[in-house]
Amino acid sequence: MASITFVTGDTTRDKTIGGRQGGLVDMEKMLVVVVLLLVARVNSVTVEISTHWAGGFQVSVTMPIECNLDGWKLHLIFSEDVASIDIWEAKSQKLSPREYVLTNMEFNGVKHPGDILKFSFTGHAAGDISPTVSAYLENCGTLPPGVTTTPAPPTTPFHTGGGTPTKNYADALGKSILFYDAQRSGKLPPDNPIHWRGDSALNDCVVGGWYDAGDHVKFGFPLASTTHLLLWGLRIFKDGYIKAGQLDMMYDMIKWPLDYMLKAWNPSTKEFVVQIGEGYPDHHFWGRPEDMTMDRPCFKIGPGKPGTDVAAETAASFALAYMIFKEKGDTSYANQLLAAAESIFDFANSEKGIYSSSVPQAGAFYSSSAYIDELCEGGMWLYRATGNAKYLEIAKANVETAWAWALGWDDKKIVCQFLLWEETKDASYKEAVVGYFDAWTGGQVSYTPCGLAWRDQWGANRYAGNTAFLALAAAEAGLTPLKLRKWAIEQINFILGDNHQDGGCFSFQIGYGSKYPRSPHHRGASCPDIPQPCSEANLHSSEPSPHVLVGAIVGGPDLAGKYEDNREDYVKNEVAIDYNSGFQSALAGMSMAAFLTPNITFKEVQTSIEYLLESLSMHSPDFVY
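As annotated in an unreviewed UniProt entry, the protein is Endoglucanase from Pomacea canaliculata. Turning to the protein, the UniProt record has this under Catalytic activity (unreviewed entry): "Endohydrolysis of (1->4)-beta-D-glucosidic linkages in cellulose, lichenin and cereal beta-D-glucans." According to the UniProt record, the Sequence similarities (unreviewed entry) comment for the protein is "Belongs to the glycosyl hydrolase 9 (cellulase E) family."

**So, the confidence of the model for the protein**
The predicted model of the protein averages 85 in pLDDT, with 82% of residues at 70 or higher. Note on residues 1-42: pLDDT is under 50 here. Beyond four places in sequence and across chains, it has 94 contacts. For residues 617-621, every residue scores under 50 in pLDDT, and the model assigns this stretch seven contacts once sequence neighbours within four places are set aside.

**Quick look at helix H5 (residues 247-264)**
Counted at 1.5 Å a residue, the expected span for H5 with its 18 residues is 26 Å, and the 26 Å between its end C-alpha atoms agrees. Listed in full, the buried residues belonging to H5 are Leu247, Met250, Tyr251, Met253, Ile254, Trp256, Pro257, Leu258, Tyr260, Met261, Leu262 and Ala264.

**Focus on the state of the cysteines**
If you walk through the whole model with that rule in mind, you get three disulfides. The partner cysteine of Cys376 in its disulfide is Cys416, sulfur to sulfur 1.8 Å. Across the S-S bond linking Cys376 and Cys416, the dihedral sits near 75°, which makes this disulfide right-handed. A residue pair is termed long-range when its members are at least 10 positions apart, and Cys376 in helix H11 (residues 372-386) and Cys416 in helix H13 (residues 413-424) qualify at 40 residues. You can call Cys416 buried: its relative accessible area is 2%.

**Some thoughts on the nonpolar core**
Core analysis: the largest hydrophobic core is formed by 145 residues, its most contacted members being Trp232, Leu258, Phe325 and Phe418. Broken down by element, this core gets its largest block of residues, 13 residues, from helix H7 (residues 308-328). Apart from residues no more than four positions distant in its own chain, Leu258 is found in contact with Thr227, Leu231, Ser317, Phe318, Ala321, Phe325, Tyr333 and Leu337. By size, the runner-up hydrophobic cluster in this structure holds 26 residues, among which are Phe57, Leu74, Ile87 and Phe119.

**Regarding helix H14 (residues 427-441)**
Think of an α-helix as 3.6 residues a turn; residues three or four steps apart then line up on the same face. With 15 residues, H14 ought to run about 21 Å at 1.5 Å a step, and its terminal C-alpha atoms sit 21 Å apart, in line with that. Of the positions making up H14, those classed as buried are Tyr429, Ala432, Val433, Gly435, Tyr436, Phe437, Ala439 and Trp440. On its buried face, H14 sits against helix H12 (389-397), H13, strand E18 (446-447), strand E19 (453-454), helix H15 (460-476) and helix H16 (481-495). Looking at the residues trailing H14, positive phi occurs at Gly443, about 115°.

**Quick word on the pattern of salt bridges**
In this structure the tally under the stated criterion is 22 salt bridges. Close ionic contact of Lys218 with Asp204 constitutes a salt bridge, the shortest N to O distance being 2.9 Å. Here Lys218 is found in strand E14 (residues 218-219), whereas its partner Asp204 is found in the loop between helix H2 (169-182) and E14, with 14 residues between them in sequence. Per residue, the accessibility class of Lys218 equals that of Asp204, and both read buried. Its salt-bridge partner being Lys412, residue Glu374 comes within 2.8 Å of it at the nearest N-O pair. Here Lys412 lies in the loop between H12 and H13 and Glu374 lies in helix H11, a separation of 38 residues in the sequence. Here the two residues Glu374 and Lys412 agree in accessibility, since each one is buried. Among the charged side chains, a network of salt bridges with common partners joins Asp181, Arg184 and Asp252.

Parameters at a glance
Residues numbered from 1 in each chain as written. Predicted model: local features only at pLDDT ≥ 70, side-chain atom pairs only at ≥ 80, totals over all residues. Heavy atoms only, no water. UniProt positions renumbered as here; feature names shortened; annotations may be inferred. pLDDT = per-residue confidence, 0-100. Contact = heavy atoms within 4.5 Å. Helix = DSSP H or I, 4+ residues; strand = E, 2+ residues; numbered from the N terminus. Expected span 1.5 Å × (residues − 1). Buried < 20%, exposed > 50% of the residue type's maximum accessible area, 1.4 Å probe, protein only. Disulfide = S-S within 2.5 Å. Core = buried A, V, L, I, M, F, W, Y, C linked by side-chain atoms within 4.5 Å. Salt bridge = Lys/Arg side-chain N within 4 Å of Asp/Glu carboxyl O.

Rendered as structure tokens:
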């Protein structure tokens, strides 16, 4: 048996690690705890309090498993009296003010040698205390001196190898799906869950799809990008949707844009509808989509009018959807998607050009800057869907290795780099991916006072949510998982309430918690029920919207952290389909059962140690490795 004890405190202490000394700040000490426990492979550990305050404290525990367990009980021994503890994914029983027993839940009871039991919890006590906490498993290894076992019930927390998840991610995930249901255009199904929405735009050249934002234009480029990120999240974090009880709802939700895009593409004429409605006339109308009477022109790309970017992005969505629905068992639909993916990608690659040059009406709203990133991305997903090496070669021919600025509807450079690194393990691709995350986590990207990674005033929450999802995907692939998971959780937690807006605990997702935007820049939600009138007066009203636009993410604060819930502010308070896409996929990753109580692999331990050593050498000049 081995045990490790660190003394808590705010001052820097010198510690010896492997015979080398260096001054370690608190963050580094916590990383040392995680890594040393992983290497030590013990079943009895002494852990430190990571944070404490008047009336409470927070603890993280990582315990390697040395035996086969079909159900487990873990004892927590405190050096001071603790009134109660809060913990997720396990049941807790108080044996005394200084001893608690945690018992597994149904889904996490089976453990084998080499597995890792990880959790964090919050303790409540009188005053500001920072007790020593020992943890040991019953019937698995030697007990600490003088300790005897006492029967009791279950518990394991929400810990990911980094960060402290404190939100109900499954609830936020379900709400995000409802936002997309509120954006539906066309003939709504009988089970439409949004009572204040009805049929609309039934005379469009292609019926269906999602309205883009608080307006009623159907823009094809952000629609394809949104669909791609949502499908990617479903592909790698399907277990999160299952865990949240949202898988069927997600299948239903994501078919709405897929069906629309399938109808918008004509493989015989090689024409693709990329926009319905015109931005400026649409924006002069403030009312319900059900009440629209203005002309809604149809804009296409096709022979002589290329749109490589939007066509390749759509191909990426179709290829991803093919793999997802094939796995689901919907073979007919999957084959339809694959055929569309290959034909529209061939069109994208054969006649190259930027779609907003062919359709200038899109330029003032969603102007494209390049197409090679989408061509690379589409090629990668088609390679994974078909195994055809020609798609991989197309992707390689269109990759850029310069660090990407962000992940958004117009910029897929980091996606291309990441997918190629996953597929080939080429060092140049990895260097670009690592550089991207270094920029976002290491100071090149600005942060608001409360910690939101702030890339731009337009959709600040969108950029943070997209990169949070990408960070979870990279962690899943073994790239510094402790660091990236911790950072991703912090960003999503900020959006869901870890901020000082409106006195604190303000969610930028509408409908989550008790404090959230009540007046988003969204026409339909601002209008009362039919037959009451709705006009521009509703835009300027200071009253909360009559309908709660559940699940939508608003743009977010400025760099100084300032935000006002004002319907007239379309920068900070508008919603959009692409604002939710990466955020929702991140929620799926954070809802995964495996993410709650993961079996950490050697690769994760190795990459976490590498990150720790890099941190030590950076902060402690005398530390050499």
